[in-house]
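Analysis of the macromolecular model
Chain by chain, the residues:
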Amino acid sequence: MPRHKIMELSVEFFPPKTPEGESKLHLVRERFSETLKPSFYSVTFGAGGSTQSGTLKVVSDIHAAGAAVAPHLSCVGSSRESVREMLKQYQALGVKRIVALRGDLPSGMGQYGEFHHANELVEFIRAETGDWFHIDVAAYPETHPQAKSPASDVDFFVQKMKAGANSAVTQYFYNSDAYFRFVDEAYDLGVTQPIIAGIMPITNSTQLLRFSDACGAEIPRWIRLRLQSYGDDIASIRAFGEEVVTDLCDQLLTAGAPGLHFYSLNQADAVLAIADNLDLTK
């Protein structure tokens, strides 16, 4: 495939829970930095702040290695004071980017903290830190699972962008039409910031189906049936997934998507194979 003109490539990690996981992530990040050279890495923030210290450690390690990094901040379980303290820590490190999310309530947790919606979190970050941080927010091309309607979901997205976000990263999807329709609707309502396409490689059908059911991402019937037909044939699942996601990314970039954000699940092989197919590796 020809080399695409692309504004931004980024990769998401989650904080490992074991020393072995930390060592593996270090090697994975080195592979990405040597070949893909992402614009930045993002690091997730666990439900209810459950990985807060892990997030800070991974962010610190990536920043110390000289790479740009964007920690996630969530409304769930967060007070103004706790967010203020995290912002100060990240500023002290020299981190310049934040992913601001509402987040999902963990099981058994009945309500959000002092922030109920992501636009409130964005407004607070801007009030506290001015233009220090580049702020990313989430977008849902196939509609957030808790939204009252597709139209109301786009309206909430517009509120986040107007609250001070610099760009957005979408939930993953496998239908490029859903992405471009969402972008068109947002731009018609006055959004001008880039909306980066979130990409989930397909390497494990059971895991993918579970993730998708939980977050409301649609897996087209033909993809679902093909994955089911492979059963436990991991090699066929990965080869098929690489072909499908490469084609999706090619459609997105050819039609003008400003960038790709890979949900790596702390794995490098699938992302790098897709990027190599697109001639995006350096």
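Scroll up for the structure.
Rules used in this analysis
- Residues numbered from 1 in each chain as written.
- Predicted model: local features only at pLDDT ≥ 70, side-chain atom pairs only at ≥ 80, totals over all residues.
- Heavy atoms only, no water.
- Pairing = 2+ DSSP bridges.
- Helix = DSSP H or I, 4+ residues; strand = E, 2+ residues; numbered from the N terminus.
- Axes fitted to C-alpha atoms, helices over the stretch in contact; angles between N-to-C directions.
- Salt bridge = Lys/Arg side-chain N within 4 Å of Asp/Glu carboxyl O.
- Buried < 20%, exposed > 50% of the residue type's maximum accessible area, 1.4 Å probe, protein only.
- Arc of directions from axis to C-beta.
- Contact = heavy atoms within 4.5 Å.
- Polar contact = N/O pair within 3.5 Å; in protein donor to acceptor, adjacent residues only side chain to side chain.
- Parallel < 35°, antiparallel > 145°, perpendicular 65-115°, else oblique.
- Nonpolar A, V, L, I, M, F, W, Y, C, P; charged D, E, K, R; others polar.

This next bit is on the sheet that holds strand 8 (residues 259-263). Pairing within the closed barrel is parallel, and its 8 strands lie in the order 1-2-3-4-5-6-7-8. Across the sheet, the mean angle separating the axes of adjacent strands is 30° when strand polarity is ignored. The pairing of strand 5 (residues 134-139) with strand 6 (residues 167-170) spans 4 bridges and is classified as parallel. Among the inter-strand pairings, A139 is bridged to a residue of strand 6, identified as T170.

As a further point, take the pattern of salt bridges. The full count for this structure, using the stated rule, is 7 salt bridges. Note that R97 and E8 form a salt bridge whose closest N and O atoms lie 3.2 Å from each other. Of this pair, R97 sits in strand 4 (residues 97-101) while E8 is found in strand 1 (residues 8-13), placing the two residues 89 residues apart along the sequence. The two residues R97 and E8 agree in class, both being buried. Among the salt bridges present, the one from E81 reaches R84, with a minimum N-O distance of 2.7 Å. With E81 and R84 both in helix 3 (residues 80-93) and 3 residues apart, this pair spans about one turn of that helix.

As a further point, take helix 10 (residues 269-277). Side chains three or four residues apart in an α-helix point the same way, a direct result of the helix having 3.6 residues per turn. Within helix 10 the residues assigned to the buried category are V271, L272, I274 and A275. Projection of helix 10 onto a plane perpendicular to its axis shows the buried side chains occupying an angular sector of 160°, all on one side. For helix 10, the elements touching its buried residues are helix 1 (19-35), helix 9 (234-254) and strand 8. D279 occupies a position one or two residues after helix 10 and carries a positive phi of about 60°.

Checked against the element boundaries, T281 lands in the segment after helix 10. Looking at T281, the relative accessible area reads 15%, which means it is buried. In this structure the side chain of T281 is engaged in a polar contact, spanning 3.1 Å, whose partner is the side chain of D276.

For the pair helix 1 and helix 10, the least separation of the axes is 11 Å and the interaxial angle reads 10°. Taken as axis vectors, helix 1 and helix 10 run roughly parallel relative to one another. Together, R31, F32 and T35 of helix 1 and D269, V271 and L272 of helix 10 make up the contact between the two elements. In terms of residue class, the contact of helix 1 with helix 10 is made up of 3 nonpolar, 1 polar and 2 charged.

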